[in-house]
Amino acid sequence: MTKAFASQADLADRKITFEQLSPHCWAYTAEGDPNSGVIIGDKFIMVSDATATPAMARDLIARIRAVSDKPIKYVLLTHYHAVRVLGASAYFAEGASEIIASQGTFELIVERGKEDMQSEMDRFPRLFRNAESVPGLTWPTLVIGGGDPTRGEPPGRLTVDLGGVKVQIWSPGWGHTRGDTIAWIESEKVLFSGDLVEYNAGVYTGDAHLQEWPATLEALRALGAEALVPGRGDALKGAEGVNRGLDYTKQWVETLYRCAKEAAAANMDLKAAMAHTRKAMDPVFGKVFIYEHCLPFDVSRAYDEARGVKNPRIWTAERDKEMWASLQG
């Protein structure tokens, strides 16, 4: 039996939690749906990951307004994926004047933002119920340049003072995309990782750099965070919880890429590579949220990378469905 495409059959609403992790940091989580982070200073507020639509962002704004009336001046795009960024316009009415992204994220929006927007709207109909509220692509107003961390070059860094709390923003290395950007509140040991870290949910790697990703996770581990808001899954508390999330993501990435390299070395085709990967992944991860959605995209990218395709191929709505029919039929 053919599985319903991506998350098209996932129409049940998720329970949303808005919880305080430290004096200035909050986590907005939704049982495996995309998370957002909030840092509330004495003068300004920053939101990390804007949600999928302005209509969806209004729920997050309402929860913020229950605890603070400060202007939401900054919106951080941890990466370019539509489900994270297309809600950004809702914050303009709340005082937003800066949408922050890395140079890598900006380049990915230019290169494939339009295609990704349509692709993700087709994949996630529940998250894009109010797609008519999206005015178009989200473009950063403040782009952080700097060196390429994969070559040992110091990345560009930005420190934002929200009043009483400073947020450090930079790209720790390639992983989920080549533009991944974190928010690190060193004074409170709280890390907002975007999709570089996931926990008890599918780890989407369709635009990933799998070879580099484990080293990027270790760079995050070296920060010594005591709370972490992953891209999906519950907020992680305490050093043990943070390491649990890092280990979970690392195990997914390393298992996936190892299987892809084995499949490539054996000259398997993509469908055989999928079957080979399932033998290792299903017993460990098969029951987590959006596993069946992520796996075919993940195997496709891992198989490409294992065969030397360094820059991830662009996903279009048409390519999505062709791949799905061949692997999930």
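The coordinates are above.
Residues numbered from 1 in each chain as written. Predicted model: local features only at pLDDT ≥ 70, side-chain atom pairs only at ≥ 80, totals over all residues. Heavy atoms only, no water.

**Student:** Just checking my understanding: could you explain the nonpolar core for this structure?
**Tutor:** For soluble globular proteins, nonpolar side chains are generally found buried alongside one another. Among the nonpolar cores identified, the biggest contains 46 residues, and Leu210, Trp213 and Trp252 are the most heavily contacted of them. Top contributing element to this core by residue count: helix H5 (residues 238-265), with nine residues. Grouped together as the second largest cluster of nonpolar side chains are 32 residues, Trp26, Ile40, Val47 and Ala90 included. (Core = buried A, V, L, I, M, F, W, Y, C linked by side-chain atoms within 4.5 Å. Buried < 20%, exposed > 50% of the residue type's maximum accessible area, 1.4 Å probe, protein only. Helix = DSSP H or I, 4+ residues; strand = E, 2+ residues; numbered from the N terminus.)

**Student:** Would you mind showing me how to read the packing of H5 against helix H7 (residues 291-306) here?
**Tutor:** In a packed pair of helices, the relevant descriptors are the angle between the two axes and the axis-to-axis distance. Between H5 and H7, the least distance of the axes is 9 Å, while the angle of their chain directions is 50°. By the angle between their directions, the pair H5 and H7 is classed as oblique. As for how H5 packs across H7, the hand of that crossing is right-handed. On H7, the residues touching Trp252, Leu256, Tyr257, Ala260, Lys261 and Ala264 of H5 are Tyr291, Cys294, Asp298, Val299, Ala302, Tyr303, Glu305 and Ala306. (Axes fitted to C-alpha atoms, helices over the stretch in contact; angles between N-to-C directions. Parallel < 35°, antiparallel > 145°, perpendicular 65-115°, else oblique. Left-handed = near helix turned anticlockwise from the far one by under 90°. Contact = heavy atoms within 4.5 Å.)

**Student:** Hey, could you run me through the pairing of strand S5 (residues 72-76) in this one?
**Tutor:** Put simply, side chains in a regular strand alternate between the two faces of the sheet. In terms of burial, S5 is a largely internal element, four of the five residues being buried. Relative to S5, strand S4 (residues 45-48) runs parallel, the two sharing four bridges. In the sheet register, Val47 faces S5, and the bridge partner there is Val75. Regarding topology, helix H1 (residues 54-65) serves as the crossover connection from S4 to the parallel S5, and that connection is right-handed. Relative to strand S6 (residues 98-102), S5 is paired through three bridges, and the arrangement is parallel. Directly across from Tyr74, in S6, lies its bridge partner Glu98. (Pairing = 2+ DSSP bridges. Right-handed = clockwise from strand over helix to strand, strands pointing away.)

**Student:** I tried to follow the packing of aromatic side chains on my own but got confused; where do I start?
**Tutor:** The geometry of an aromatic ring pair is captured by the separation of the ring centres together with the interplanar angle, meaning the angle of the planes. If you walk through the whole model with that rule in mind, you get 11 aromatic pairs. Both rings, one in Phe5 and one in Trp324, keep their centres 5.4 Å apart while their planes meet at 80°; by these two values the pair is edge-to-face. Placement of Phe5 in the segment before strand S1 (17-20) and of Trp324 in helix H8 (residues 317-327) is noted, with a sequence separation of 319 residues between them. A residue is classified by how much of its surface remains accessible, and Phe5, at 10% relative accessible area, is buried. Aromatic pair Phe297 and Trp324: ring centres 6.3 Å apart, planes at 45°, arrangement tilted. On the criterion of sequence distance, the pair formed by Phe297 in helix H7 and Trp324 in helix H8 is long-range, its members being 27 residues apart. Here Phe297 matches Trp324 in class, with each residue buried. (Phe/Tyr/Trp six-rings, centres within 6.5 Å; stacked < 30°, edge-to-face > 60°.)

**Student:** What's the story with the environment of Gly179 in this structure? I'm lost.
**Tutor:** Position of Gly179 relative to the elements: it lies in the loop between strand S9 (166-170) and strand S10 (182-185). Classification of Gly179 by relative accessible area gives buried; the value is 0%. With 117 residues separating them along the chain, Gly179 and Ala62 place their C-alpha atoms 29 Å apart. Leave out the neighbours within four places in its chain, and Gly179 touches Thr78, Ser102, Gly104, Thr105, Leu108 and Ser171.

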